[in-house]
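An overview of the molecular structure
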Amino acid sequence: MTLNSSFRLDGKHILVTGASSGIGLSICRAIIDAGGRVTGTARRQQQLSEMVRASGEGKASSIQADLADDTGIKKIASEVEEVDGVVYAAGVSKLTPLKFVKRQDLTEVMNINYFAMVLLLSQLLKNKKIKKNNDSSIVLISSVAQQIGTKSSLIYTGSKGAMSSAARVIANELAPQRIRVNTIEPGMVRTDMTAEMENILSTETIEKDRLKYPLGYGAPEDVANGAIFLLSDASRWMTGRSLTMDGGRYSLLD
Amino acid sequence: MDKDQFLQAFAEQFDETDLSVFTPSTKFKELDEWSSMVALMIIAMVDENYNKKITGADLREAVTIEDLFNRVHAK
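Residues numbered from 1 in each chain as written. Chains lettered and ligands numbered in written order. Predicted model: local features only at pLDDT ≥ 70, side-chain atom pairs only at ≥ 80, totals over all residues. Heavy atoms only, no water.

Mapping Cys 28 of chain A onto the fold places it in helix α1 (residues 22-33). Spatially, the C-alpha atoms of Cys 28 of chain A and Gly 40 of chain A are 7.3 Å apart, while their sequence positions differ by twelve residues. (Helix = DSSP H or I, 4+ residues; strand = E, 2+ residues; numbered from the N terminus.)

Here the focus is the interface of chain B and chain A. Every contact between the two is made by 14 residues of chain B and, on the other side, 14 residues of chain A. Summed over both partners, the interface of chain B with chain A buries about 1,200 Å², with 65% contributed by carbon and sulfur atoms. Across the contact surface, chain B and chain A share one salt bridge. Note that Glu 48 of chain B is salt-bridged to Lys 102 of chain A, the shortest N-O span being 2.5 Å. Summed over the shared surface of chain B and chain A, the number is one residue pair in polar contact (both at pLDDT 80 or more). For the side of chain B that touches chain A, the secondary structure elements donating two or more residues are α2 (36-50) and α3 (56-61) of chain B. When residues in the side of chain B that touches chain A are grouped by element, the largest group, eight residues, is from α2 of chain B. Among the residues forming the side of chain B that touches chain A, the class breakdown is seven nonpolar, four polar and three charged. (Contact = heavy atoms within 4.5 Å. Buried area = accessible area lost by both parts, 1.4 Å probe. Salt bridge = Lys/Arg side-chain N within 4 Å of Asp/Glu carboxyl O. Polar contact = N/O pair within 3.5 Å; in protein donor to acceptor, adjacent residues only side chain to side chain. Nonpolar A, V, L, I, M, F, W, Y, C, P; charged D, E, K, R; others polar.)

Interpretation in functional terms is not warranted from these geometric data alone.
See below:
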């Protein structure tokens, strides 16, 4: 297929967190397909090695690290080669009604979804690992949840709201260096993380929710396509913004 | 694990349903107030009070409050 080359990632090196499964893994594959090179990070070495092997010779490498602590973040920032883009796809979720919210759960989710994102970008910049004046792009995987108010989702929703707000500030700080920062705010996408939710909520509840999506639930590949656009030069005039991908769930009404 | 305490903690997750409605043989999913939100409250209550994890499947398969008590007790 011939495609306007602005939409491709030839010659670009992208760091992807949460690369071992779900949306992160799907984004790694899409980057390779678009001609780019990936460094994937995650906690699980085996899945990372499988991603690297499946990507083909010289297309991908991995850094095993836990974003939950500073050691893991510093490891990534020091080991990764200079990048043209970063995708923050690491994330955890928890469903808890307000009455039962505990500091420990808040801390755990905020730590991965928000603190680690900020600290990793900070360390990458400090170590001069993000190319300047070269249309570099940072893509944060947030959630449409932060635009609405789904019951019991506040621990997760709060963390994604923090992420989406931070994206605008970081975009402003980095614009002079032509480093762009945007978020993707997906609706329900079938991954291991959401399968866990299905187990808690019951299949019937999930099925009822799915029917509210005019285009059904999304696949990780759908979000990956959005990420490729935001990483590529095709989106070079876009920063500090969000790409909502929710199959029409929250803007189309009967 | 005390059955009466469980029953009381179960009932406390409801705001509209009268306390007198709750007995071990109450078919809780037939209550008007039963919803996915209340289901999450019950899951969180069991986690907090008993340090045990129940799932949507446990709630689906239990018919009465006593059924659920037995499932939690067995975990």
